[in-house]
Every structure is written in structure tokens, then in C-alpha cells.
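Chains, contacts and geometry: an overview
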Amino acid sequence: MWIAAELVGCDAAKRLERTRHERASLLSFVGEPLTRSVRPCMAKGNMRNAKEQEITFRRATVADSAAVARVHVQSWRESFKGIVPQSFLDKMSVQDRARAFRKRFHDDDYRMFIAETTKNTVIGFADSGKPRQIDRPYQAELYAIYLLRDFQRQGVGGKLFALGVESLVADGMNSMYVLTLEASPYKSFYEKMGGRVVDREAIMIGGLKYTELVYGWNSLS
Ligand SMILES: CC(C)(COP(=O)(O)OP(=O)(O)OC[C@H]1O[C@@H](n2cnc3c(N)ncnc32)[C@H](O)[C@@H]1OP(=O)(O)O)[C@@H](O)C(=O)NCCC(=O)NCCS
């Protein structure tokens, strides 16, 4: 079964806050293709997509690890330039990331959803599973959610987030946390998705000290 969500402009593209009803309907289609057309939001300067592109969402398999690793590294380099040391970004390795993703796919409760163009080019992903920090009072952790810059701020991240949440809830996990850099301009995304800052911790990146915020969701359903 296919859902085609044709978006006709930037205002429509912004309509991504999920109602419970919408999220419940997404659940029925986890694992099946969902499509969404996106086009550049010129008002926000995202003009690099020459034409509207249709984006499909699906659950990822271990075979997607290399493509997802490329997105992860490219998104870091595009999104966090000037925020974390350039030497850290330069050293990021697609091969290392791919190896780490392949390993993760063997973990219990691990799941990843990807967004791709109709030419099967992966442009974004979100993965989640068991908490890595077992002392936190949450049943799941959102490990990462990354999009290539050209596809940001058009609702794709919101859709990936919703698919991940529905999948966790379906498997009996009703609370979640995520770690994100306090210096990140993207942290508002988690607030928009209903997360609240519940803690903060220090992290070293490229030899410099940063603060990570912990966003928590007490009830996902
Ligand atoms: C964070 C990310 C996954 C969000 O996905 P997205 O598709 O760009 O976000 P959406 O279009 O679904 O945005 C949903 C809402 O989140 C908020 N938001 C998203 N990006 C934002 C930004 N850069 N600044 C402020 N608010 C933002 C907005 O409220 C937005 O709604 P609006 O456009 O109606 O104002 C994506 O921008 C990304 O990959 N960023 C770089 C990597 C990153 O920071 N990942 C998270 C690291 S833990």
C-alpha cells in the first residue's frame, strides 16, 4: 500500500506536527513504502534542489549500512561546520561508520528508517533501540537522525522521527531520550517533536569540551 503526500509548497511542507491519529496511521505502514514530494523552501534559502523530488520512506536493513554511513558523514560535515573542530569532521570515516552500523543491526530492538529518492539514493535516516545509558529512566534511545542538508527543513526529519516512534511503541517501548549538542542549531527539532531537556553532560569532540543536552519523552504513545 502506498501513501502519497503531495506537498504543494513551503507552507504545506511545514505541516509535520503529528497528531496521535496521524502517528497511529503511520504505524500501519511501517515497513511499506511511504512517499512524500519535497521541494526547496526558498524562503529559508534552501534552493539547491533544482526540482521537486519524491522521497520514499522504508525500514532499513543491514544492506543499507554503507549508504547511511555516507549520509551520516556528509550531514555532519555540512551541518556542523564551524560548530565542531574541522579536524574532527575531516577525520570522520564512512568506512568506520558503515562498520558500526552493520554491527548495530545485530542488536536486539535495533531499528532504522531511511528516506530515499526514487533513484534509491539515501538522503536521511533515523535509528533507535535499547538505551546505551542504562541508568536513564527511558525504555529506548534515539541514537541518531540525520539528513543531507539539501533535504532539511521540509518535513522529512519529522516523518522519520514519527516512523521510529511508532515502531518503538509497537514493540512496547513507550519512553525515549536522545543526546544532542547544546551548540547545535538543530536542537529545536527535538523540542518541536515534544522532547524536554532533562539532563546535560560533558563530551569531548576533537579535543574540545562541549555540552550535550539530554532530551526526554516520558510517553510516546
Ligand atoms: C535535525 C533534522 C533531522 C530535522 O529534520 P528536518 O527534516 O530538517 O526537520 P523538519 O522539517 O521535520 O522540521 C520540523 C520542525 O523542527 C524544527 N526545526 C528543524 N530544523 C530546525 C533548525 N535548523 N532550526 C530551528 N528549528 C528547526 C522546526 O520547528 C521545524 O518546523 P518548521 O519548519 O515548521 O518550523 C535535520 O535538520 C538534520 O539532519 N540536521 C542535521 C543533523 C542533526 O543535527 N541531527 C541531529 C543530531 S542529534
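Rules used in this analysis
- Residues numbered from 1 in each chain as written.
- Predicted model: local features only at pLDDT ≥ 70, side-chain atom pairs only at ≥ 80, totals over all residues.
- Helix = DSSP H or I, 4+ residues; strand = E, 2+ residues; numbered from the N terminus.
- Buried ≥ 20, exposed ≤ 12 C-beta atoms within 10 Å, placed from the backbone.
- pLDDT = per-residue confidence, 0-100.
- Contact = placed C-beta atoms within 7 Å.
- Core = buried A, V, L, I, M, F, W, Y, C linked by C-beta atoms within 7 Å.
- Expected span 1.5 Å × (residues − 1).
- Axes fitted to C-alpha atoms, helices over the stretch in contact; angles between N-to-C directions.
- Parallel < 35°, antiparallel > 145°, perpendicular 65-115°, else oblique.
- Left-handed = near helix turned anticlockwise from the far one by under 90°.
- Nonpolar A, V, L, I, M, F, W, Y, C, P; charged D, E, K, R; others polar.
- Pairing = 2+ DSSP bridges.

When helices and strands are tallied, the chain shows seven helices and nine strands. Here the chain holds 221 residues, and 31% of them are scored as buried.

A word on the confidence of the model for the chain. Summing up the model confidence of the chain, the mean pLDDT is 83 and the portion of residues at 70 or higher is 77%. For residues 1–33, every residue scores under 50 in pLDDT, and the model assigns this stretch 44 contacts once sequence neighbours within four places are set aside. Per-residue pLDDT stays below 50 along residues 39–51; that stretch engages in 19 contacts with residues further than four places along the chain or on separate chains.

Core analysis: the biggest nonpolar cluster contains 39 residues, and Val68, Phe113, Phe125, Ala126 and Leu160 have the highest contact counts within it. In contact with phenylalanine 113, not counting residues within four places along its chain, are Phe57, Arg59, Ala60, Phe125, Ala126, Leu160, Leu163 and Gly164.

This part is about helix α3 (residues 65–79). With 15 residues, α3 extends 21 Å between its outermost C-alpha atoms, agreeing within 8% with the 21 Å of an ideal straight helix rising 1.5 Å per residue. For α3, the elements touching its buried residues are α5 (94–104), β4 (111–117), β5 (122–129) and β6 (140–147).

Relative orientation of the contacting elements α3 and α5 amounts to 125 degrees, with a least axis distance of 8 Å. As far as their axial angle goes, α5 and α3 are oblique. At the point where α3 passes α5, the crossing takes the right-handed sense. Residues Ser65, Ala66, Val68, Ala69, Arg70, His72 and Val73 of α3 lie in contact with α5, whose contacting residues are Val94, Arg97, Ala98, Phe101 and Arg102. Across the contact of α3 with α5, the residue classes tally to seven nonpolar, two polar and three charged.

The next subject is unusual backbone geometry. The phi dihedral of aspartate 109 falls on the positive side, at around 65 degrees, and the residue is not glycine. Among the secondary structure elements, aspartate 109 is positioned in the loop between α5 and β4.

In this section: the pairing of strand β9 (residues 208–217). Relative to β9, strand β7 (residues 176–181) is paired through six bridges, and the arrangement is antiparallel. Along β9, the bridge assignment pairs leucine 181 with glutamate 212. When strand β8 (residues 196–205) meets β9, the two strands line up antiparallel, connected through nine bridges. Within the sheet, the bridge partner assigned to valine 197 lies in β9 and is tyrosine 215. Here β8 folds back onto β9, and the loop between the two strands holds two residues, one of which, glycine 206, carries a positive phi near 55 degrees.

It is worth spelling out the environment of threonine 211 at this point. Position of threonine 211 relative to the elements: it lies in strand β9. Along the primary structure threonine 211 and glutamate 182 are separated by 29 residues, whereas in three dimensions their C-alpha atoms are 5.6 Å apart. Ignoring sequence-local partners within four residues, the contact set of threonine 211 consists of Glu182, Arg200 and Ala202.

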